[in-house]
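Now for the letters of each chain:
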Amino acid sequence: MDAPSAGYAFEYLIETLNDSSHKKFFNVTKLGGAKYDVLPYSVRVLLEAAVRNCDGFLLRKEDVLNILDWRAKQSHVEVPFFPARVLLQDFTAIQNAPNPGGGDLPKAAKLSPLKAPPRRLPCRGPAACRGPCDPGEPGLGRGAGRPSTQIENTPLLCPFHLQPVPEPETVLKNQEVEFGRNRERLQFFKWCSRVFRNVALIPPGTGMAHQVSLEYLSRVVFEEEALLFPDSVVGTDSHITMVNGLGILGWGVGGIETEAVMLGLPVSLTLPEVVGCELTGSSNPFVTSIDVVLGITKHLRQAGVAGKFVEFFGSGVSQLSVVDRTTIANMCPEYGATLSFFPVDNVTLKHLEHTGFDKAKLKSMETYLKAVKLFRSDQSDSGAPEYSQVIRINLNSIVATVSGPKRPQDRVAVTEMKSDFRACLSEKVGFRGFQVAADKQSDTVSLHYEGSDYRLSHGAVVVAAVTSCTNNCNPSVMLAAGLLAKKAVEAGLRVQPYIRTSLAPGSGMVTHYLSSSGVLPYLRALGFEVVGYGCSTCVGNTGPLSEAVLNAVKQGDLVTCGVLSGNKNFEGRLCDCVRATYLASPPLVVAYAIAGTVNIDFQTEPLGTDPAGKDVYLQDIWPSREEVQQVEEERVLCSVFKALTEKMETGDKRWNSLDAPDSVLFPWDSKSTYIRCPSFFDKLTKEPAAPQPIENAHVLLHLGDAVTTDHISPAGSISRSSAAAKYLTNRGLTPREFNSYGARRGNDAVMTRGTFANIKLLNKFIGKPAPKTIHFPSGQTLDVFEAAELYQKEGVPLIILAGKKYGSGSSRDWAAKGPYLLGVRAVLAESYEKIHKDHLVGIGIAPLQFLPGENAETLGLTGRETFSLAFPEELSPGVTLTMKTSTGKAFRVIASFENDVEITLYKHGGLLNFVARKFS
C-alpha cells in the first residue's frame, strides 16, 4: 500500500520527534487527555491509524471521536481501520521426501540410536578446522559457501562455524520436483511483483509467511517520508496474530477483505471490547511455552472472549520472552479472540537488539512509543489502561498438558494422560470417546516390519510430527525438543521404525539454529528428519503409513494415535487409520514417539531402557529451562536473523531464474490446472439489483454443530475418489500430480469441487461421515459438487442447514467462495464463528440465524423441504424475516447482518462486486 497521507483534520497534532528534527509523528495523546490515558494499548493503535488516515470520506472525524470514546462506544459502533501493510499467505510446500519412520535415515547420515556419539574436541572455526567438523555428529563435514545458500534447502551445518555441507541428493531432487509442480503459481506471483507497486515477494523455500513476517518484515514502528507510525497488519490467515507478541497490531481477515484493503479500502470492525489479561508469577521448569499457551487458552475460552481483543499486562508478562509471547498470540484463534496484544516493553527492545535491529532506529522507536504512550512498563502507576473486563492468571498454576484426542480445546494434563486415554476408549463415540468394548481394550496385534516383530495396541503412536505450525517459531520449545533428543540418544533410547516421524520447521531459520546448536543430528537419529518448510502433517499432508501398519491397525480395529506440535487436530485431519490425535509441545512429541504409546504415565513408567538395562524416565532426559535459555541466547537469535537477512537479499536461485510474463494484464492459460480466471464477475452488472428473494430452495447439506472451515473447504491432499480428482484426471493428470487444495486455490474449478469434500463431513442426510449428499429431485446420493451442479442446471437455489458455531477453525475465504460457486444463497445456523460469517457476507451469501432456543430439530425441519424467503427493500441490521417451507410451516429467522456496511456489501452481491463497481 502507498503510505497514507496525513489526516487533514488533525494536522495540528503533528510534532517533531525530540531526538531527530526531521522525523515527525501525530501526537495523539493531545487529542483526548484523560480519555486517551485510559485507552487499552491496542485501541491507541486503532486511534493513531484513524487520526493519520482521516480523509472525511472513507474515514471521518466522527470515527476518530468514536474510538477516542471507546469506554462508551465499545461494541456499539463500527469503525474503519487502515493497516500499515497486508500479508498474503501462499500454500506451496517446497519440501523434501517424507521420512518413512523413526530412525530411517540415509546410510551416510545414520547414527545408531543405541550408542552415544563419540566425543571429540569441537571445531574452533574455519581456520582451525583440520577435518570433518565434530565427527561425532553424523552427516557434518567441511564445505564451502555462505550459510544463506545452505539454508535454502535442508541445512546440515557445523555447529561452531556454520559452514555448509553437501545436501543429500534426494533432498535436492524433491525440491526441484516441488518447484516444478508449482511453477505456474510462482510465475503468477512473480508477475504480480513486477506489475504492482509496493508488492514484496518472499522467495519459495525461505519459510512460512507468518514466520518471515515476524523475523524480517516486521518494523514495530514504520517510518515513511519521515513520518513515524505504529506497524500493523491484516492478512489471509488466522495466524497473522503471532506478530502481536512483538507489539504489532494484526489479525486475520481472510482473502476477501484483504483484497479490498489492497485496493485502498479500510477494514471495517466493530469497536471491540478489550479484555485485560493480568499475568503473575512464573511457570515451573517442566512447563513449556506451549503449556502456557494452552493454559491461557483454557482460561480465555472459559471467560468468553470471542470477537474481542485480549491485552496482556502484569508482572508475569515480563517473565515471558518475545518468542513466548508470539506463541501465545498465535493461538488466539483457538480461544476465539480477534487478537491478543503484548504492548512493546523493555523485553521487546532487548529482543530487537539481539536480532540485529539498527540501534539508531531502536532509539527513535523507543522515544516515539513513549511519546504516544504505547510503551508498557511494570512500574507505571499513572495512565494505566482500563479494560472491559480483567482476567487474572497465575503462571505458577499451569501444568504440562496435551490437547486431544479430537479437538484442540480438550486439554489433558500429561500426568493424567494414561487414565484419560483409557476413559476415552470407554466413552461413547463423540468429541472424545471411541466406544471400545471393555474386553477389547487390552487387545494387541502383531506387526512384522522391516524384518522385526512388534506389538501394537490401543494408544500406539504411529505418527509423530514436529510440524510446520507457527508455534515452532519459538526457539525454546524447538531447542528443548533437540536437547531432549540429544539426551535420549546418549541414553541409548530410540524410536521404533514403523512410526512415521517428521520435522517440518516453519522456516529455514529453525533448521539453522537447530544445526548451529548441535541438536539436529540427534533429532535425525530418532527419525525426526527435516521434510521441508510448509504446511505438512498439521493439515493432513501426512505421508502414507506402511501397508504393514495399516493392516495391523485394521486387523485389531485399534485406536492408534498421532502426536504433533501444531494447533489443530480436528478428527480425520491426518488419515483414516489415526483415530486419536494429540497436540503437544515439540519435546513431548519426541517423548511420546520414544515411548511409542500415549497409554503411559511418565511419572511412574520409563520411556525405555539404556544399554545396561536400566530404566530411563522422562525426568532423566528433560532439559532444564536454564539449559534451553543459554543455548537460545548464545547461539540462536543473532545468527538466525543475520542469516535470514542474507537469504532475503540473495534470493532463491530457482526463483531468480524463473521466467514470468511482463504484460500489464495477466495472460490466462485456458489449459492451466493451477491458475484460472475466476468466475466471480461473470454476471456483474454496472448497478446492484435489489436483494432477490430465495424461492423454493433445496437444502444442499444438513449439518450439526461445530462445522469447521476444514469441513467446508479442506486444504490438504486431493483424494483420488473426489470430484476434484475426476476433474484433474480428465485433464491428463495422474494422482501423483494432484497436489493439494491449498496449492490449487488459484483454480476455482478445483476449489469448487473441493468444497465440502472433507472425509469427516457428517451430513445428516447420509448418516455417516462422507463428502456426500442427496439430490432430492432424483433421489440420488452424489458427491456434494455433483449434486450442486445438477441443482444449478435445474435453476434451483440452495441453502445449508447447520447447528452451533458454523464455520469455526481457521480463517479460510474459500469456505465462503466455494459454497457461493456451488449456488448456495444462504446458510441457516444456530450460531456462527464471526470471521466466517463475515466471509459469507463478503461473498454474497446471506447468514441467517434461528431465533434463540430454536433449531431445525425443535422446528421439526427434516431438510427435505424446500425453503422460501423474501428480503425487504430496506434491510436493517439484525432484522427478523419469515422463512416458509413447502410443508406449509413458517418460522422467523434473524438476518445476521451486524451493520449498514455489511448490508451494503450484501446488496452488491459481496465485497468483490462492491470493489469492482467502485473502480469501474
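The shown structure was predicted, so the numbers you read here are calculated from the model rather than taken from an experiment.

This part covers the overall build of the protein. Scanning the protein from N- to C-terminus turns up 31 helices and 34 strands. Counting only residues that meet the buried cut, the protein has 60% of its 920 residues in that class. A separation threshold of at least 6 residues defines the contact pool for the protein, and within that pool the share at least 24 residues apart is 73%.

Taken as a whole and judged by the stated rule, the model has 37 salt bridges. Glu-259 is paired through a salt bridge with Lys-817; the nearest N and O atoms lie 3.4 Å apart. Here Glu-259 is found in helix 10 (residues 254-262), whereas its partner Lys-817 is found in helix 28 (residues 814-822), with 558 residues between them in sequence. Among the salt bridges present, the one from Lys-805 reaches Glu-833, with a minimum N-O distance of 3.2 Å.

Let us now look at empty space enclosed by the protein. Counting across every chain of the model gives 6 cavities of 30 Å³ or more. Volume-wise, the second largest cavity comes out at about 70 Å³. When the residues that make up the lining of the second largest cavity are grouped by side-chain class, the tally is 8 nonpolar, 1 polar and 1 charged.

Now for the sheet that holds strand 29 (residues 798-801). Around the barrel, 7 strands lie side by side as 26-29-30-31-34-33-32; this closed barrel has mixed pairing. For this sheet, the mean angle separating the axes of adjacent strands, direction not counted, is 40°. Two strands pair when backbone bridges link them, and strand 32 (residues 867-869) and strand 33 (residues 880-885) are joined in this way by 3 bridges, in the antiparallel orientation. Paired with Ser-868 across the bridge in strand 33 is Lys-884.

Within helix 10, 7 of the 9 residues are buried, which leaves it mostly tucked inside the rest of the structure. Regarding helix 10, the residues found buried are Gly-254, Gly-255, Ile-256, Glu-257, Thr-258, Ala-260 and Val-261. Positive phi appears at Gly-264, one or two residues downstream of helix 10, with a value of about 100°.

Turning our eyes to something else, we now look at the nonpolar core. Grouped burial of nonpolar side chains is what soluble globular proteins tend to show. If you look at the biggest cluster of nonpolar residues, it comprises 81 residues, and the most contacted ones within it are Leu-700, Leu-703, Phe-756, Tyr-806, Val-827 and Phe-891. Residues within four places of Val-827 in sequence aside, it is in contact with Ile-800, Tyr-806, Tyr-832, Leu-840, Ile-845, Ala-846, Pro-847 and Leu-848. Counting residues in hydrophobic clusters, the runner-up holds 80 residues, among them Val-489, Leu-503, Leu-545 and Tyr-592.

Model confidence for the protein is summarised by a mean pLDDT of 83, while 86% of its residues fall at 70 or above. Long-range and interchain partners of residues 92-168, a stretch whose pLDDT sits below 50, account for 201 contacts in this model, where long-range means more than four residues apart.

Axis separation between helix 3 (residues 41-53) and helix 4 (residues 61-68) bottoms out at 9 Å; the angle between their running directions is 165°. With respect to their mutual orientation, helix 3 and helix 4 come out roughly antiparallel. Handedness of the crossing formed by helix 3 with helix 4: left-handed. Here helix 3 contributes Val-43, Leu-46, Leu-47, Ala-50 and Val-51 to the contact with helix 4, which in turn contributes Val-64, Ile-67 and Leu-68.

Below, the discussion takes up the sheet that holds strand 6 (residues 221-224). Spatially, 4 strands are ordered 1-2-7-6 in an open sheet, and the strand pairing comes out mixed. Two strands lie at the open edges of the sheet, namely strand 1 (14-16) and strand 6, each paired on one side alone. Between one strand and the next, the sheet's axes are offset by a mean angle of 35°, whatever the strand orientation. Its contacts with the sheet put helix 3 on strand 2 (24-26) and strand 7 (227-230), and the angle it makes with strand 7 is roughly 140°.

This paragraph deals with the packing of aromatic side chains. With the rule as written, the count across this model stands at 23 aromatic pairs. For the pair Trp-191 and Phe-666, a centre-to-centre distance of 5.2 Å together with 65° between the ring planes defines the contact as edge-to-face. Here Phe-666 lies in the loop between helix 23 (653-657) and strand 26 (694-702) and Trp-191 lies in helix 8 (residues 183-195), a separation of 475 residues in the sequence. With a centroid separation of 5.1 Å and an interplanar angle of 65°, the aromatic rings of Tyr-454 and Tyr-498 are classed as edge-to-face. With Tyr-454 in strand 18 (residues 452-457) and Tyr-498 in the loop between helix 16 (475-490) and strand 20 (500-503), this residue pair connects regions lying 44 residues apart in the sequence. When sorted by exposure, Tyr-454 lands in the same class as Tyr-498, which is buried. By way of ring pairs, the aromatic residues Phe-188, Phe-189, Trp-191, Phe-196, Phe-666 and Trp-668 are connected into one cluster. Over the ring of Phe-375 we find Lys-370; its NZ or CZ atom is 5.0 Å from the centre of that ring. One residue, Arg-407, lies across the ring of Phe-431, its end atom 4.1 Å from the ring centre.

Bringing the pairing of strand 12 (residues 309-313) into the picture now. Within strand 12, 4 of the 5 residues are buried, which leaves it mostly tucked inside the rest of the structure. Pairing between strand 11 (residues 274-280) and strand 12: 5 bridges, direction parallel. In the sheet register, Glu-278 faces strand 12, and the bridge partner there is Phe-313. As paired elements, strand 12 and strand 13 (residues 339-341) share 3 bridges and run parallel to each other. Counterpart to Glu-311 in the pairing with strand 13 is Phe-341.

A few words on the environment of Val-64. Topologically, Val-64 is positioned in helix 4. For Val-64, a relative accessible area of 0% gives the class buried. Apart from residues no more than four positions distant in its own chain, Val-64 is found in contact with Phe-10, Leu-31, Leu-47, Ala-50, Val-51, Cys-54 and Leu-59.

Taking 1.5 Å as the rise per residue, helix 14 (residues 359-371) with 13 residues should run 18 Å; its terminal C-alpha atoms sit 18 Å apart, in good agreement. When helix 14 is considered as a whole, its buried residues turn out to be Leu-362, Ser-364, Met-365, Thr-367, Tyr-368 and Leu-369.

Once that is clear, we can look at unusual backbone geometry. Omega for the peptide link from Gly-404 to Pro-405 comes to 10°, which places this bond in the cis form. Inspection of the secondary structure assignment puts Pro-405 in the loop between strand 15 (401-403) and strand 16 (411-413). Even without being a glycine, Val-220 presents a positive backbone phi close to 65°. Here Val-220 is to be found in the loop between helix 9 (209-217) and strand 6. Relative accessible area serves as the criterion here: at 2%, Val-220 is assigned to the buried category.

Under the counting rule described, the total for this entry stands at 0 disulfides. Of all cysteine sulfurs in the structure, the one in Cys-424 sits closest to Cys-561, which takes part in no disulfide; the separation is 9.6 Å. Residue Cys-561 is classed as buried on the basis of its relative accessible area, which comes to 0%.

Covered by surrounding structure in strand 7 are Leu-227 and Phe-229 together with Leu-228 and Pro-230, the residues of both alternating faces. Across 2 bridges, the pairing between strand 2 and strand 7 is parallel. By the bridge assignment for strand 7, Phe-25 is matched with Leu-228. Bridging between strand 6 and strand 7 involves 4 bridges; their strand directions are antiparallel.

Position of Thr-755 among the secondary structure elements: in the loop between helix 26 (748-753) and strand 27 (772-775). With relative accessibility at 1%, the residue Thr-755 sits in the buried group. If we skip the residues at most four places from it in the chain, Thr-755 touches Ile-712, Val-784, Gly-818, Pro-819 and Leu-822.

Let us now look at the environment of Thr-444. Within the secondary structure layout, Thr-444 lies in strand 17 (residues 444-449). With relative accessibility at 40%, the residue Thr-444 sits in the partly exposed group. Separated by 14 residues in the primary sequence, Thr-444 and His-458 place their C-alpha atoms 7.5 Å from one another. Ignoring any residue separated from it by four or fewer positions in sequence, one finds Thr-444 in contact with Arg-455, Leu-456 and Ser-457. At 2.7 Å, the side chain of Thr-444 and the side chain of Arg-455 are in polar contact.

Glancing now at the environment of Leu-31. Of note, Leu-31 is situated in helix 1 (residues 29-32). Measuring from C-alpha to C-alpha, the distance between Leu-31 and Phe-10 comes to 8.9 Å, with 21 residues separating the pair along the chain. In this view, Leu-31 contacts Phe-10, Tyr-12, Leu-13, Leu-47, Val-51, Val-64 and Leu-68; residues no more than four positions away in its chain are not counted.

Here is what the cut-offs are and how they apply
Residues numbered from 1 in each chain as written. Predicted model: local features only at pLDDT ≥ 70, side-chain atom pairs only at ≥ 80, totals over all residues. Heavy atoms only, no water. Helix = DSSP H or I, 4+ residues; strand = E, 2+ residues; numbered from the N terminus. Buried < 20%, exposed > 50% of the residue type's maximum accessible area, 1.4 Å probe, protein only. Contact = heavy atoms within 4.5 Å. Salt bridge = Lys/Arg side-chain N within 4 Å of Asp/Glu carboxyl O. 1 Å grid on protein atoms, 1.4 Å probe; cavity = no way out; pocket = protein on both sides within 12 Å on 5 of 7 lines; lining within 4 Å. Points joined across faces, edges and corners; volume = space filled by probe spheres on them. Nonpolar A, V, L, I, M, F, W, Y, C, P; charged D, E, K, R; others polar. Pairing = 2+ DSSP bridges. Axes fitted to C-alpha atoms, helices over the stretch in contact; angles between N-to-C directions. Core = buried A, V, L, I, M, F, W, Y, C linked by side-chain atoms within 4.5 Å. pLDDT = per-residue confidence, 0-100. Parallel < 35°, antiparallel > 145°, perpendicular 65-115°, else oblique. Left-handed = near helix turned anticlockwise from the far one by under 90°. Phe/Tyr/Trp six-rings, centres within 6.5 Å; stacked < 30°, edge-to-face > 60°. Lys NZ or Arg CZ within 6 Å of the ring centre and 35° of its normal. Expected span 1.5 Å × (residues − 1). Disulfide = S-S within 2.5 Å. Polar contact = N/O pair within 3.5 Å; in protein donor to acceptor, adjacent residues only side chain to side chain.

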